[in-house]
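Residue-level structure breakdown
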Amino acid sequence: MEAIPEEILAKLAQAAQAGVDMGSPKAVVTHMLGQGEKESILYFYKPGTIEFDFDKYESAVKEMRNRNL
């Protein structure tokens, strides 16, 4: 599995610090959209599709929590 970009982990940490429910990808995406983070959101989509990659999202959230960001 590829390494999760530091920028993505930082954006997830910002969402968590803002009190966003990290168990809800929809809530996180909505928060990121409100922050103008369209490019960061695209990271969580499967390449060449419009399908959200829940495994990639959960892995990134787990990594962010493990690093205590």
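Report follows, based on the coordinates. Note that the coordinates shown come from a computational prediction; the quantities given were computed from them, not determined experimentally.

For the structure on display, the rule yields six aromatic pairs. A ring pair is formed by F44 and Y57, whose centres lie 5.6 Å apart and whose planes are at 70 degrees; its orientation type is edge-to-face. Placement of F44 in the loop between helix 3 (38-42) and helix 4 (54-66) and of Y57 in helix 4 is noted, with a sequence separation of 13 residues between them. Here the two residues F44 and Y57 agree in accessibility, since each one is buried.

Formed by 19 residues in total, the largest nonpolar core has its most connected members in L12, M22, V28, F44, Y57 and M64. Those elements that place two or more of their residues in this core are helix 1 (6-17), helix 2 (25-34) and helix 4. Counting residues per element, this core draws most heavily on helix 1, which supplies five residues. Once residues within four sequence positions are removed from consideration, M22 is found in contact with L12, A15, A16, V28, Y57, V61, M64 and R65.

Reading the values: the criteria
Residues numbered from 1 in each chain as written. Predicted model: local features only at pLDDT ≥ 70, side-chain atom pairs only at ≥ 80, totals over all residues. Heavy atoms only, no water. Phe/Tyr/Trp six-rings, centres within 6.5 Å; stacked < 30°, edge-to-face > 60°. Helix = DSSP H or I, 4+ residues; strand = E, 2+ residues; numbered from the N terminus. Buried < 20%, exposed > 50% of the residue type's maximum accessible area, 1.4 Å probe, protein only. Core = buried A, V, L, I, M, F, W, Y, C linked by side-chain atoms within 4.5 Å. Contact = heavy atoms within 4.5 Å.

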